[in-house]
Structures are given as C-alpha cells and as structure tokens.
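Results of the structural survey
The lines below spell out each chain.
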Amino acid sequence: MNSTPLDMNVSYVRKRSILRQFGRYLFLVPATVIFMVFIAYPIAWVVTNSTFDGESVALGNFVGLQHYLTVITDPVFWVVMRNMFLWAAITIPVQMLIGGVIAYYVEFYTERWRTFFRTLFFIPVVTSVSVVSLIWIQIYAPYYGIGQEYLKLFGIELANSPLGDPQYTIFALIVVNIWQWTGFSMLMYIAGLSNLPREILDAARVDGAKGLRMAVSIIIPMLSSSTKSLLMLGIIGTLQTFPVVFLMTNGGPNRASEIFGTYIFKQSFVIGDLGVGAALSVIVLLIAFILSVLQIVYLGGQFDSDNKRNTP
Amino acid sequence: MKQWLNKENRKSIVIHAVLLVLLMIWMIPEIYMFTMALRTPAQVFDPSLFVWPITWDNFVTVIIDNPLHVFFINSIIVTVMTVLAVIVLSSLFAFAISVLKLPGSLVLYAILLTTLMVPIASLVLPLAILLKNFDWVNRYLGLILPYIALGVPFSVVVLKAFFEDSPKELFDAAKVDGCNAFQVYWHIALPMVRPALVFVAIWQFIVTWNEFFLALVIMTESEMKTLTIIPMQYSGFYMANPGALFAILAIIAIPLIFLYVLVQKAFVRGLTAGAVKG
C-alpha cells in the first residue's frame, strides 16, 4: 500500500486508460440512444398495451390476452395470414427466377449494353411506390385500362377489373409487387455472378458443362449467398408491404386483400382500438422474430461476413 | 472457325434482342405514365399505350396550380438529414464493434440485428403516440428520427463487414503513431470503406425518399407532406382529369430515376464489392 512514485505512475496510466476506454464507448452512444427511443421503447409499448384496455392513450384495465383472442377469432385476421403467405410464397421465388435469368444473360452475354440493361431493369425499384400504385390502378382499370386491352390480344377477356374481384385482387397486387422488385433480385444476382471465380466456370466449360447444366449444377449453388439474402429481404419486404395495397384496394373488396399493414392501420387509426392494434403489432413482431431465428438456424448467419466460400 | 464465330455472333444477337423485347414489356408501366401525362382530356380514356398528338398542357397546369416545390423541399430535407445521420451513427457504431472491439459491444450488435426484421407496420402505432407526446407530429424531426432508427441496423451490418475486411495493420500502425480512436476512425477507417458508405447512402436515400407508411401517419398537415403521400390526395382531386394526375406522378418519379442513373455505377460497385453478403 505504500505508494511509490512508480505506483502512482501506474495507477495514473491505468486511470487514463480506463478513461480512454470509457471515451470509446461514446462511439456506441448515438445509435444506441436513438435505437432505444424509437425501436426498443415502441416495442415495449405495444407489448404492454396489448394486454390493457385501450380506449385512450392512457392505460385502462388489465385484460390479459383478451385482445389476442379478439384478433385470432376475427376471420379477417386469417384472410391477412393467407394473403401474407401467398405474398411471400409467390413474390420471392418469382422475383428470384426472373431476376436471376435476366442477371445471367446480362452478365454473361452482354458487354456494351450491360449497364443499359442493369440500369433500366432497376428503374421500377426507384420509382416511388405510390406512383407505381396509381399507374397500375390505371392499367387494371376496366374499359380504358391498357392491361385488359392487351390481354385481349392473347385471347384473355376479363369480365371486370381484377382489383374488383375478391378472388383475384391479391394476385393482381402481387403482380405489381413482382414488377416493382424484380430489378432488385436481378442486381443482387449480378453482384453474385460478378464475384464468381472465372477459373471455376472455365474449368467447368472445358469439362463440357454448358447451358442449362452449367447453370443448374454450378452457377446456382455458387449463388446461394445471394439467394439467402434475397430470401431474407423478401420476407422483410412482405411484412413491410403497405402502400401498394393501401393505395390500390385499401384491403378491399370486402377485405379480401387485407394485409398486416392495412389491418393494423384500420384497427389503430380508423377504428381507434389501440389494444387490438397493439396486439396485432405484437403478432407481426413475433412472426418476424420467429422467421429470422428460423433463417439463422437453417440458413446460417443472415449477413455472414466471414462466409467467403464461393465454392459450392 | 468462321462457322463457330458466326454461331456465337448469332447467339449474342438473339440474346440481345430477347432482352430488349423483355425490357420494353417491363417498361410499359413507366412509358404509360409519360404517355398518359401527355394526353388531352379527350384522349385519356383511350386504352392504348401511345396516343397522338401529344400535349404538354398537363405539366403546365399542375405546376402552376400546385405548390409541388413545397413537397419536394420537405422530401429533400427529410431524406438528406436521414441519410447523413444514418451514415454517421452507423459508421461510429460499426467502427466500435469491428475495429475497437469494445467489450460488450457485440451484445449490442446482436440486439440491433434482431430489429433488422422489425416491420414498420408493427411500430407505426406506438411511434405515432410517442411522437404526439413529444409534439413532433408534423415536424421534420418526427420523421427523421424514426427513419434513422430504422435505417441504422442494415447500415451497421454492411459497414461492419467492410471494416472487418480492411487490413488490420493500418489501424495498428495508426495507433502506434499515437492516433486516438476518433482520429483512426476519421482519417483511416472512413476513407477505407468509402464504397460501402456510398452504397449505404444511395440505398438509404431511395428507401427514405419512398417511405410511405410513417409519412402518412406523421405528416398530416398538407404543407408538411412528403412527395410519396401526395399522389394519393391528387388522385381524388384529378379524378376527372387523369392526364394531370399522371403529370404529377411523372414529376415525382423523374428526379429519383434521374438521380439513380447518375449514381448507379457507384451503387453497383458497392454491391459487387460485397456490400451485401451471404
């Protein structure tokens, strides 16, 4: 305990290094604070409020799981679940397929036109979704919409607008979504393709693999990281879906095209039932959470930066 | 040999032609937007893609009649502020976890990661109430701050991957030379991951510019609205004159398309350099 000058020096250095260490944590502060206030707190809020009576902003009585019961006994909720499932099950693979094929031909068979194709196929992604929605309303419109007019050329005659028929509405909306986001899948696959080691492709070609066989047995397995990213982004995108449906059908006709976004919007802001709105929000969060855990377990890290292996 | 060349050439021409046809079909909705905007009221209900003659009247009308510049300015303020803040906050955070490797920071990162999947739909209600309590409804900050919070996780993931790929020796050398953590961040780390920063900035710009749900709920006063929510209000207003509505749609769509064409090279470079990995 006798304090020599040397000891003092050591403790001074240690204190300074603790201070410096503490100072370094400042790097984490801004992002953490904004995250706590605008993501963590809202999540805590919906979890709490989903178990209380919510006539007003102030908490009412504790009602346990009653709001959840209200939600799952509402037939609209199951329409929403069906629509969200269809949305993911159709848009994700179709976008991957079309985007992947375009990427393959653009990347391997064009040179001077490559940038041209890459850029133009991506344009729908950067077109504001509300603009896209209104354009497609016009395309689907009965009598004067070009959609039905051009389908006649192929002998398909629609009795009315696909947006007005409860059976087809969700598919009509899915088409719009696929149209808007395929360019994104294309670009992700182009990124994947441009990183493929050329030697492996050349070796396979020398071995006589070409065309479809080459694509199926060599290129597709080597693009699995792009595919995984697209799967994850596709699921996020599905749960995020709102403007296309809100603007084109607002969940109609007869709530046939209702999705989580429009359902929550109506419960919370139109009807004003905050408890049920919160319960729905929690259900969406749970679905997102379960899906992301499943993906991490079955597909490995979502954005695994160590995953440098390009070989199958 | 000559035969083979011809065959390759023919194949290339066919592929180009097919891609071009596909692209033309794919672009029909975009082309339709422009050709609708160039029609007279008498032509708008003609179910064809091209109508002749064209008129620029719709553009003149909507620009004179509506304060579109106000919505542009709103969108620009919200988007630019969000992009800048996301870049700063996420690069600081990613630097701390991947270069400084602060104890405990990986736990924070894991928590952040779980929110990559959080859909806006589930946060709209609490955010609306929170912002109302802060009296930030119809304020730029009311949109900017939640956008930052929602944008940071993805950006951190991308930047972390880039920081971890960059040569450690440079950081160590800088430390030996007496740079403090912030100097290392500012003078060495940031310039090294510039392609990733550009990529994140472009992507964040597109996402923020086009965000709809929160903007719809938070910006209720008409002079605070951002560009994505105004087509909805004009669709009722110009019900009888779709030509004018489509002129507005075109005016809204063009700047971002133009901007993307300008920066697409940097965007694709960031993406192929591994901005989004497996």
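Residues numbered from 1 in each chain as written. Chains lettered and ligands numbered in written order. Predicted model: local features only at pLDDT ≥ 70, side-chain atom pairs only at ≥ 80, totals over all residues.

Let's shift gears to the overall build of chain A. In terms of regular secondary structure, chain A is built from 14 helices and zero strands. Ordered by position from N to C terminus, the α and β elements of chain A give α-α-α-α-α-α-α-α-α-α-α-α-α-α. Relative to its full complement of 312 residues, chain A shows a buried share of 41%. Here the analysis covers contacts within chain A between residues at least 6 apart in sequence; of these, 69% occur between residues at least 24 apart. (Helix = DSSP H or I, 4+ residues; strand = E, 2+ residues; numbered from the N terminus. Buried ≥ 20, exposed ≤ 12 C-beta atoms within 10 Å, placed from the backbone. Contact = placed C-beta atoms within 7 Å.)

Moving on, we come to the overall build of chain B. When helices and strands are tallied, chain B shows 13 helices and zero strands. From first element to last, N terminus to C terminus, chain B shows the α and β order α-α-α-α-α-α-α-α-α-α-α-α-α. Since a compact globule built from 278 residues should have a radius of gyration of about 19 Å, the 24 Å found for chain B marks it as more spread out than a globular shape. Structurally, chain B occupies a C-alpha span of about 75 × 75 × 30 Å along its principal axes. With 278 residues in all, chain B has 46% of them scored as buried. Considering only contacts within chain B whose residues lie at least 6 apart along the sequence, 77% involve residues at least 24 apart. (Rg over C-alpha atoms; globule rule 2.2 N^0.38 Å.)

Right, let's get into unusual backbone geometry. In most cases, non-glycine residues show a negative phi, while peptide bonds are predominantly trans. Residue and element names in this part refer to chain B. Of note, Lys101 is a non-glycine position whose phi angle comes to about 50 degrees, a positive value. Relative to the helices and strands, Lys101 is located in the loop between α4 (68–100) and α5 (105–114). Residues other than glycine seldom take positive phi values, yet Asp135 does so here, at roughly 60 degrees. By secondary structure assignment, the location of Asp135 is in the loop between α6 (120–133) and α7 (140–165).

Residues and elements named next belong to chain B. Tracing the backbone through its elements, the reader meets Val99 in helix α4. In this structure Val99 comes out as buried when scored by C-beta crowding, with 20 C-beta atoms within 10 Å. Distance from Val99 to Asn138, taken between C-alpha atoms, is 39 Å for residues 39 residues apart in sequence. When residues no more than four places from it in sequence are discounted, the contact partners of Val99 are Phe163, Phe171 and Ala189.

A few words on the interface of chain A and chain B. On the side of chain B, 79 residues touch chain A, which itself brings 76 residues to the contact. Examining the composition of the side of chain A that touches chain B, we find that eleven residues originate from one element, helix α2 (residues 29–49) of chain A, more than from any other. Counted by class, the side of chain A that touches chain B contains 51 nonpolar, 20 polar and five charged residues. (Nonpolar A, V, L, I, M, F, W, Y, C, P; charged D, E, K, R; others polar.)

This paragraph deals with the nonpolar core. Residues Phe93, Phe95, Val124 and Leu249 of chain B are the most contacted members of the largest nonpolar core, which totals 166 residues. When residues in this core are grouped by element, the largest group, 16 residues, is from α7 of chain B. Residues within four places of Leu249 of chain B in sequence aside, it is in contact with Val131, Leu134 and Ile135 of chain A together with Met33 and Pro231 of chain B. (Core = buried A, V, L, I, M, F, W, Y, C linked by C-beta atoms within 7 Å.)

What follows concerns the packing of helix α3 (residues 66–73) of chain A against helix α14 (residues 274–299) of chain A. All names here are of chain A. Packing of α3 against α14 brings their axes to within 9 Å, and their N-to-C directions diverge by 75 degrees. One finds that α3 runs roughly perpendicular with respect to α14. Across the interface between the two elements, His67, Tyr68, Thr70 and Val71 of α3 pack against Gly275, Val276, Ala279, Leu280 and Ile283 of α14. (Axes fitted to C-alpha atoms, helices over the stretch in contact; angles between N-to-C directions. Parallel < 35°, antiparallel > 145°, perpendicular 65-115°, else oblique.)

Moving on, we get to the environment of Pro242 of chain B. Locating Pro242 of chain B in the fold gives a position in helix α13 (residues 242–275). Overall, Pro242 of chain B belongs to the buried group, with 23 C-beta atoms counted inside 10 Å. Through-space distance from the C-alpha of Pro242 of chain B to that of Tyr140 of chain B is 31 Å; in sequence the pair is 102 residues apart. For Pro242 of chain B, the contacting residues outside a window of four places in its chain are Gln138 of chain A together with Met36 and Val44 of chain B.

The subject of this paragraph is the confidence of the model for chain B. Residue and element names in this part refer to chain B. Within chain B, residue pLDDT values average 86, and 96% of them lie at 70 or more. No element of chain B has a lower mean pLDDT than helix α8 (residues 168–176), which averages 80, and none a higher one than α4, which averages 93. Predicted complex, confidence summary: ipTM 0.89, pTM 0.88. (pLDDT = per-residue confidence, 0-100.)

Look at α4 of chain B: 47 Å from first C-alpha to last across 33 residues, which is about the 48 Å you get at 1.5 Å a residue. Following α4 of chain B by one or two positions, Lys101 of chain B has its phi on the positive side, about 50 degrees. (Expected span 1.5 Å × (residues − 1).)

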